[in-house]
Amino acid sequence: MATKKRSGDYFGLGYIVSVILAIIPVTSWICGAITRFSEGKFLAGLLRLIFGFNIVWILDLILMIVNKRILRIINA
């Protein structure tokens, strides 16, 4: 089974574009929720919409720079 290679976590965009989107709080909040919904993780997407505009934004920014992936608290 082939895996999809992703260079950034937001919609498979490049790493630099994903970091720029993660720096801006509103786009990080929206893109994070849409990313989780597109992965089929509806509860995680809903929680990102509700709580994603505070500490989750800072953690997303740090993890995007270090791990090239957004924070995944739950996988449900």
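Here we summarise the structure given alongside this text. (Residues numbered from 1 in each chain as written. Predicted model: local features only at pLDDT ≥ 70, side-chain atom pairs only at ≥ 80, totals over all residues. Heavy atoms only, no water.)

Details of the nonpolar core
Then comes step 1: Counting residues in each nonpolar core, the largest one holds seven residues, listed as Y10, V19, L21, A22, C31, M64 and I70.
Then comes step 2: Here this core gets three residues from one element, more than from any other, and that element is helix α1 (residues 15–23).
Then comes step 3: Leaving out residues up to four positions away in the same chain, I70 has contacts with D9, Y10, G32, T35, R36, R48, D60 and M64. (Core = buried A, V, L, I, M, F, W, Y, C linked by side-chain atoms within 4.5 Å. Buried < 20%, exposed > 50% of the residue type's maximum accessible area, 1.4 Å probe, protein only. Helix = DSSP H or I, 4+ residues; strand = E, 2+ residues; numbered from the N terminus. Contact = heavy atoms within 4.5 Å.)

Considering the side chain of S28
Then comes step 1: In this fold, S28 is placed in helix α2 (residues 25–38).
Then comes step 2: Relative accessible area serves as the criterion here: at 1%, S28 is assigned to the buried category.
Then comes step 3: A polar contact of 3.3 Å, which involves the side chain of S28, links it to the side chain of Y10.
Then comes step 4: Other than its neighbours up to four places away in sequence, S28 contacts Y10, L21, A22, W57 and D60. (Polar contact = N/O pair within 3.5 Å; in protein donor to acceptor, adjacent residues only side chain to side chain.)

Examining the side chain of R48
Then comes step 1: Along the polypeptide, R48 turns up in helix α3 (residues 42–51).
Then comes step 2: On the basis of relative accessible area, R48 is assigned to the buried category, the value being 8%.
Then comes step 3: Not counting residues up to four positions away in its chain, the partners in contact with R48 are W29, G32, A33, R36, V56, D60, I70 and L71.

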